[in-house]
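The chain contents come next:
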Amino acid sequence: AVRSIDDIVLSDKQSAVYSGMSELMDSGKPQCALLKGVTGSGKTSVFIKLIKSVMDMGKTAVMLVPEISLTPQMLGKFKSLFGDKIAVMHSSLSLGQRTDEFKRVMRGEARIVIGTRSAIFAPVTNVGIIIMDEEGEPSYKSDSTPRYHARDVAIQRCGYNNCVLLMASATPSLESFYYAQKGRYHLFELKN
């Protein structure tokens with residue numbers, strides 16, 4: 001089992017994605033990137049390394065996942081590596097639990113927010129990266145009031161924080177793939 005972030009060794013392909021993303025992060029400009037990676041291609045290891053480098057810069061990170069992937073195993077992995085620096089936000093939390101997580105973020109105790117679409121509104125400041133895993137998932141879109149798409153909010157927040165948005169998916173949404181092909185988003189791939 002992985003005990004520390006240093007135990008995670010990236011393959012050449014993963015390292016290429018990490019280096020490319022690091023360059024975007026160092027630019028100090030808002031940037032969008034699409035990581036097209038097949039399931040099991042090791043996207044999570046890249047996410048962990050990127051979040052670690054953002055933390056080392058003294059910044060915060062937001063990682064959005066679809067409802068279905070916010071499992072105890074997935075959270076357990078992140079908590080074992082980042083400890084209580086993580087705040088979790090999703091719809092099954094009680095109002096009290098949600099308020100507690102909000103306060104931890106506002107006080108700067110939690111510097112990584114992991115959650116479903118509503119986590120994009122977390123009161124983080126000095127954001128270094130926003131990651132949207134499986135960005136083509138329909139659960140990122142809110143059909144009830146207020147209607148919003150987490151991706152649109154994420155793009156706005158990146159502009160405001162001059163940070164990087166990394167959207168990852170084996171099956172990207174049509175618009176994200178189109179923007180990546182047109183060069184509006186940076187495209188990274190993990191093929192195997």
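Residues numbered from 1 in each chain as written. Predicted model: local features only at pLDDT ≥ 70, side-chain atom pairs only at ≥ 80, totals over all residues. Heavy atoms only, no water.

> Would you explain the pairing of strand S2 (residues 60-64) in this entry?
Every other side chain in a regular strand lies on the same face of the sheet, so the side chains alternate between the two faces. Of all 5 residues making up S2, 5 are buried, and the element is well covered by its neighbours. Residues Thr 60, Val 62 and Leu 64 point to one face of S2 and Ala 61 and Met 63 to the other, with burial holding for every one of them. Pairing between S2 and strand S5 (residues 127-133): 5 bridges, direction parallel. When the sheet's bridge partners are listed, Met 63 is paired in S5 with Ile 131. In this structure, S2 lies alongside strand S4 (residues 112-115), joined through 4 bridges in parallel fashion. Its bridge partner being in S4, Leu 64 is matched across the sheet by Gly 115. (Buried < 20%, exposed > 50% of the residue type's maximum accessible area, 1.4 Å probe, protein only. Helix = DSSP H or I, 4+ residues; strand = E, 2+ residues; numbered from the N terminus. Pairing = 2+ DSSP bridges.)

> What is the right way to read helix H3 (residues 72-82) from this model?
It helps to recall that an α-helix has 3.6 residues per turn; residues three or four apart then point in one direction. Within H3, burial applies to Met 74, Leu 75, Phe 78, Leu 81 and Phe 82. Angular distribution of buried residues about the axis of H3 spans 130 degrees; they occupy a single face of the element. Along H3, the residues that are exposed and aim more than 90 degrees away from the buried face are Pro 72 and Gln 73. Considering only its buried residues, H3 is in contact with helix H2 (43-56), S2, strand S3 (86-89) and S4. Looking one or two residues beyond H3, the residue adopting positive phi is Gly 83, at roughly 60 degrees. (Arc of directions from axis to C-beta. Contact = heavy atoms within 4.5 Å.)

> Help me out: how do you make sense of the packing of aromatic side chains in this one?
Aromatic ring pairs: the centre-centre distance and the angle between the two ring planes describe each pair. Applying the stated criterion across every chain, the model contains 4 aromatic pairs. Summarising the aromatic geometry, the rings of Phe 78 and Phe 82 are spaced 6.3 Å apart at their centres and angled 20 degrees between planes, so their arrangement reads as stacked. Of this pair, Phe 78 and Phe 82 both sit in helix H3, 4 residues apart, which is roughly one turn of the helix. Pair check on accessibility: Phe 78 and Phe 82 agree, each one buried. Look at Phe 121 and Tyr 148: their rings are 4.9 Å apart centre to centre, the planes differ by 75 degrees, and that puts the pair in the edge-to-face class. Note that Phe 121 is positioned in the loop between S4 and S5 and Tyr 148 in strand S7 (residues 148-149), a separation of 27 residues in sequence. The partly exposed category is assigned to Phe 121, whose relative accessible area is 43%. Of the aromatic side chains, those joined through ring pairs into one cluster are Tyr 178, Tyr 179 and Tyr 185. (Phe/Tyr/Trp six-rings, centres within 6.5 Å; stacked < 30°, edge-to-face > 60°.)

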